[in-house]
Amino acid sequence: MKVRILGSAPQSPAVRQYVSSYLINDRVAIDAGCLGFYGTAEDQAAAGHVFLTHSHIDHCASLPIFLENCYGLGPQCPVIYGSAHALDSLQNHLFNDVVWPDFIKLSAHMRPFLRLQRLEAEKPVEAEQLCITPVAVNHVVPTFAYLVSDGQATVVFGADSGPTDRLWHLTRQLPSLRGVFLEASFPNSMRSLAEVSLHLTPQMFAAEVAKMPPATRVIAVHIKTRYRETVVQELYDLGISALEVGECETDYNF
Ligand SMILES: [Zn+2]
Ligand SMILES: [Zn+2]
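An account of the accompanying structure is given in this report. Because the structure is a prediction, the values reported are computed rather than measured. (Residues numbered from 1 in each chain as written. Chains lettered and ligands numbered in written order. Predicted model: local features only at pLDDT ≥ 70, side-chain atom pairs only at ≥ 80, totals over all residues. Heavy atoms only, no water.)

One pass over the full model with this rule turns up three cavities of 30 Å³ or more. When its volume is computed, the largest cavity comes out at roughly 90 Å³. If you trace the largest cavity, you find 14 residues lining it, with Tyr-22, Gly-158, Ala-159, Asp-160 and Val-221 closest to the centre. For the lining of the largest cavity, a count of residues per class yields six nonpolar, five polar and three charged. (1 Å grid on protein atoms, 1.4 Å probe; cavity = no way out; pocket = protein on both sides within 12 Å on 5 of 7 lines; lining within 4 Å. Points joined across faces, edges and corners; volume = space filled by probe spheres on them. Nonpolar A, V, L, I, M, F, W, Y, C, P; charged D, E, K, R; others polar.)

What follows is the structure, given as structure tokens:
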């Protein structure tokens, strides 16, 4: 399985991860923070399955642009997957005829822009030969992490979450586990903010890693740009053996 962390400014890979999007085998996206700014329109249309973790704008900001770019390319419209809360949020706050035309309503009357598919926690779905299982995690709005398996390797996308247990309970039962993308939003000095906003600091990150099988490959992502140097140093200071700091526009193979 190939996973690319999409860059917020793809022509400049050194630019940090301002928003969240991950592309799996060029075909399936986790979140759409910057998916609509990636590659060519044809590249975007190839990514016809988009799994939203939650409603926050850093995870769905470019979704309207993505759908606009893809329209009419390919035999089928993109499918957007998410919890009832995330899909309702798209209708109420993005496709509301104010921020953007109501692509959901328009799709009922013309060639569709998108199809919505509501997910239930721990009910797997198939897309592009991948089995994708949503798991509820601990964030300020309803949020899904995703377990993504190609039959040989399973990769976990932890989404935004404070300390959580069910995800790691399920992960410990996966013999095919090959990697985890885990957030590390704030430096240790901002633990109180991490706790109220349900994110992780490096110290809290280490506590989550301790819940995983030993020596799991962990890739730190969702680092707040303005604290990146501090967070990266604090992550390396943890001494976690299989830790990597995620880099945009880089392919991770599992
Ligand atoms: Zn969030
Ligand atoms: Zn976020």
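Attention now moves to the sheet that holds strand 4 (residues 49-51). Judged by pairing direction, the sheet is mixed, and its seven strands sit side by side in the order 6-5-4-3-2-1-14 without closing on themselves. Only two strands of the sheet have a single partner each, and these edge strands are strand 6 (115-118) and strand 14 (250-253). Averaged over all pairs of adjacent strands, the angle between their axes in this sheet comes to 25 degrees, without regard to strand direction. The pairing of strand 3 (residues 28-30) with strand 4 spans three bridges and is classified as parallel. Residue pairing across strands places Val-28 opposite His-49, the latter belonging to strand 4. (Pairing = 2+ DSSP bridges. Helix = DSSP H or I, 4+ residues; strand = E, 2+ residues; numbered from the N terminus. Axes fitted to C-alpha atoms, helices over the stretch in contact; angles between N-to-C directions.)

Around the zinc ion (ligand 1), the donor atoms from the protein are His-54 (NE2), His-56 (ND1), His-139 (NE2) and Asp-160 (OD), and they sit 2.1 to 2.4 Å away. Between the two metal centres, the zinc ion (ligand 1) and the zinc ion (ligand 2), the spacing is 3.6 Å, with Asp-160 acting as a shared donor. Of this pair, His-56 sits in the loop between strand 4 and helix 2 (57-60) while His-139 sits in the loop between strand 8 (130-136) and strand 9 (144-149), and the two are 83 residues apart along the sequence. A relative accessible area of 8% places His-139 in the buried class. (Donors = N, O, S within 2.8 Å, 3.2 Å for Na, K, Ca; no water. Buried < 20%, exposed > 50% of the residue type's maximum accessible area, 1.4 Å probe, protein only.)

A few words on the coordination of the zinc ion (ligand 2). All of the protein donors around the zinc ion (ligand 2) are Asp-58 (OD), His-59 (NE2), Asp-160 (OD) and His-222 (NE2); their distances to the metal are 2.1 to 2.2 Å. Expressed as a motif, the donor residue spacing for the zinc ion (ligand 2) is D-H-x100-D-x61-H. For His-222, a relative accessible area of 8% translates into the label buried.

Read across the open sheet, the seven strands follow the order 7-8-9-10-11-12-13; overall the sheet is mixed. This sheet does not close on itself; its edge strands, each paired only once, are strand 7 (125-127) and strand 13 (243-245). Recorded for the sheet is a direction-independent mean angle of 25 degrees between the axes of neighbouring strands. Where strand 8 meets strand 9, six bridges bridge the pair, whose relative direction is antiparallel. Across the sheet, Ile-132 pairs through a bridge with Val-148, a residue of strand 9. Packed onto the sheet, helix 8 (residues 202-209) meets strand 11 (177-183), strand 12 (218-221) and strand 13 and runs at close to 155 degrees relative to strand 11. (Contact = heavy atoms within 4.5 Å.)

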